[in-house]
Amino acid sequence: MFITKTHLPRRTVLRGVGTALALPFLDAMVPALTALGRTAAAPVRRAAWFYVPNGMSMRHWAPKQEGALAGDLPMILQSLAPYRDDLLVLSDLAHMTAYPREGDPACDHARSGATYLTGVHADPDLTNPVTDISVDQRVALVTGQETQLASLELGVAVRASCVTGSVGYPCAYRTTISYRTPTMALPVEIDPRAVFERLFGVADSTDRKSRLARISRNASLLDSVTEEIAHLNGKLASTDRSKLAGYLESVREVERRIRMAEEQSDRELPAVDKPAGVPDTFAEHARLMGDLLVLAYQTDLTRVATFMLAEEVSTRAYPEAGVPDSHHALSHHQNVLSNIDRLGKLNEFHMQQFAHVVGRLKSIPEADGTLLDRTMLVYGTGISDSNAHLHDDLPIALVGGGAAGIRGGRHIRYAKETPLTNLWMTVLDKMGVQVDKLGDSTGSIELVSV
């Protein structure tokens, strides 16, 4: 880290017409005394929860041995092999509150999504969600006081709207995992353009005509702040100029990909289908949304996010991954080995999209580490064995968090039926958020940190 005479406020913003371009963390944002170690600066910490539906092919998930993650990782986890030192695989965590009670409708999927981040049994109300404040929103209540956006709720194969529930449950239970209040579900945003404009404030109108006008001009938000960028570069040390150049290139590349997706679609699309601007392939869409999340973290616009790769009971097929089957139908594999293997291949494909985000965070320096060091990413689902709809021994992975004292490279197995909410209590603690209890929690998880 270099100390220069130039000191920039942490929340420096470059402004143009309809644009508020936040900057990444630069050395010039560290006061000289702090850089010399005379003042302790609390590191920024972030958390994100990635959710996949319809359970998991457990045969291809869990490492055989506890302890160090040695040798080849199971098939689903293989794309995380380059980051194994940042990876914790956590076994035997459970959501017993997701199991049905007498008189409940028969839809484990709905209870699974509603319970995942709340830890409470979901009320089978046909019109309104009735659950509890989710762990991400408990964090957002605290960190949102310091950021422009309290949280982001992102997704890929999730419907923008839903007109019928899931066998006696409201739609929200399967199309979101985030709850601001016990009765207020936060909708998932799947349109990259909408997220981009929320982050950088470039929207003068949300109608299609205005969007196409911007496309035809081939205009970039960076064009409106060119002079400010040049002026700022003149005051920065070479290391900061290099960081800023890399960040601006990432912004321009994300914007280019969004524009390309919009140009590929000149037709009107119904509101219940994917909006214009959504890439054609699942991987393109997922990685574009993941890169937007990275930009939001890089600029400290938010420190909390949820990311649903698909909604519960998703019937989407993945021919691009060699799995032409309907996801939900395949999840009921009837213990047929060929079906279990294809489900594992589908699960692996989802994990590859998550690994892309991990890699991006790992590649971006921040202070004396990386963005991944100051970010806890949790990947999992509320169902383990998808054929039997089991809610114990859930497939959960935690990546990153080195700055919070988390040591990766291990597979940890807890006592059977340990509440998953005990992990959420640990995450809350490491995010500096104190609560007495969350859902069915009985304490916090031990052995996660050094």
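In short, a report on the structure. (Residues numbered from 1 in each chain as written. Predicted model: local features only at pLDDT ≥ 70, side-chain atom pairs only at ≥ 80, totals over all residues. Heavy atoms only, no water.)

### What about the pattern of salt bridges?
In step 1: Enumeration over the complete set of coordinates arrives at 17 salt bridges.
In step 2: One salt bridge in this structure joins Arg 111 and Asp 108, with 3.0 Å as the shortest N-O distance. Here Arg 111 and its partner Asp 108 are both found in helix 2 (residues 108-115), 3 residues apart, which amounts to about one turn of the helix.
In step 3: The shortest N-O distance in the salt bridge between Arg 360 and Asp 291 comes to 3.7 Å. A residue pair is termed long-range when its members are at least 10 positions apart, and Arg 360 in helix 11 (residues 337-363) and Asp 291 in helix 9 (residues 282-298) qualify at 69 residues.
In step 4: Exposure remark for Arg 360: the relative accessible area of 21% places this residue in the partly exposed category.
In step 5: Asp 291 gets classed as buried once you look at its relative accessible area, which sits at 7%.
In step 6: The network of salt bridges with shared partners includes Asp 92, Asp 393, Arg 413 and Lys 416. (Salt bridge = Lys/Arg side-chain N within 4 Å of Asp/Glu carboxyl O. Helix = DSSP H or I, 4+ residues; strand = E, 2+ residues; numbered from the N terminus. Buried < 20%, exposed > 50% of the residue type's maximum accessible area, 1.4 Å probe, protein only.)

### Observations regarding the environment of Ile 445
In step 1: Turning to its location among the elements, Ile 445 is positioned in the segment after helix 12 (420-430).
In step 2: With a relative accessible area of 7%, Ile 445 lands in the buried category.
In step 3: When neighbours within four sequence positions are excluded, Ile 445 is seen to be in contact with Leu 93, Tyr 414, Thr 418, Asn 422, Leu 423 and Thr 426. (Contact = heavy atoms within 4.5 Å.)

### A word on the pairing of strand 14 (residues 410-419)
In step 1: Across 2 bridges, strand 4 (residues 67-68) lies against strand 14 in antiparallel orientation. Bridge pairing links Ala 68 to Arg 410 in strand 14.
In step 2: Pairing of strand 5 (residues 87-94) with strand 14 involves 6 bridges; the strand directions are parallel. Bridge pairing in strand 14 links Val 89 to His 411. (Pairing = 2+ DSSP bridges.)

### Topic: the packing of aromatic side chains
In step 1: Throughout the structure, instances matching the rule amount to 11 aromatic pairs.
In step 2: Centroid distance Tyr 169 to Tyr 173: 5.8 Å. Interplanar angle 50°. Geometry classified as tilted.
In step 3: Each member of the aromatic cluster is reached from another via a ring pair, and the members are Trp 49, Tyr 51, Tyr 116 and Trp 424.
In step 4: A cation over a ring is seen here: Arg 316 above Tyr 318, with NZ or CZ 4.9 Å from the ring centre. (Phe/Tyr/Trp six-rings, centres within 6.5 Å; stacked < 30°, edge-to-face > 60°. Lys NZ or Arg CZ within 6 Å of the ring centre and 35° of its normal.)

### Description of unusual backbone geometry
In step 1: One non-glycine residue, His 389, lies in positive phi territory at about 55°.
In step 2: For His 389, the location among the structural elements is in the loop between strand 12 (375-380) and strand 13 (396-400).
In step 3: A positive phi is found at Asp 393, a non-glycine position, where the angle reads about 50°.
In step 4: Checked against the element boundaries, Asp 393 lands in the loop between strand 12 and strand 13.
In step 5: Take Asp 393: its relative accessible area is 25%, and that puts it in the partly exposed class.

### A few points about the sheet that holds strand 9 (residues 304-310)
In step 1: Reading across from one edge, 4-14-5-13-12-3-9-6 is the order of the 8 strands in this open sheet, with mixed pairing throughout. One side of each edge strand has no neighbouring strand; the edge strands of this open sheet are strand 4 and strand 6 (152-157).
In step 2: Alignment of strand 12 against strand 13, held across 5 bridges, turns out to be antiparallel. Among the inter-strand pairings, Met 376 is bridged to a residue of strand 13, identified as Gly 400.
In step 3: Against the sheet, helix 11 contacts strand 3 (46-51), strand 9, strand 12 and strand 13, and its axis sits at roughly 180° relative to strand 12. (Axes fitted to C-alpha atoms, helices over the stretch in contact; angles between N-to-C directions.)

### Focus: the packing of helix 9 against helix 11
In step 1: Contact geometry for helix 9 and helix 11: axes closest at 9 Å, N-to-C directions at 30°. Of the possible angle classes, the one that applies to helix 9 and helix 11 is roughly parallel. Here helix 9 runs over helix 11; the crossing is right-handed. Residue-level contacts link Phe 282, Ala 283, Ala 286, Arg 287, Gly 290, Asp 291, Val 294 and Tyr 297 of helix 9 to Phe 349, His 350, Gln 352, Gln 353, His 356, Val 357, Arg 360 and Leu 361 of helix 11.
In step 2: Its residues assigned to classes, the contact of helix 9 with helix 11 shows 8 nonpolar, 5 polar and 3 charged. (Parallel < 35°, antiparallel > 145°, perpendicular 65-115°, else oblique. Left-handed = near helix turned anticlockwise from the far one by under 90°. Nonpolar A, V, L, I, M, F, W, Y, C, P; charged D, E, K, R; others polar.)

### As for the nonpolar core
In step 1: Core analysis: the biggest nonpolar cluster contains 76 residues, and Leu 80 and Tyr 379 have the highest contact counts within it.
In step 2: Counting 35 residues, the second-largest nonpolar core is a separate cluster that includes Leu 90, Met 308, Val 378 and Ile 445. (Core = buried A, V, L, I, M, F, W, Y, C linked by side-chain atoms within 4.5 Å.)

### A short note on the pairing of strand 5
In step 1: Of all the 8 residues making up strand 5, 8 are buried; the element is thus mostly covered by neighbouring parts of the structure.
In step 2: By the bridge criterion, 4 bridges tie strand 5 to strand 13 in an arrangement that is antiparallel. The partner of Leu 90 across the bridge, within strand 13, is Ile 396.

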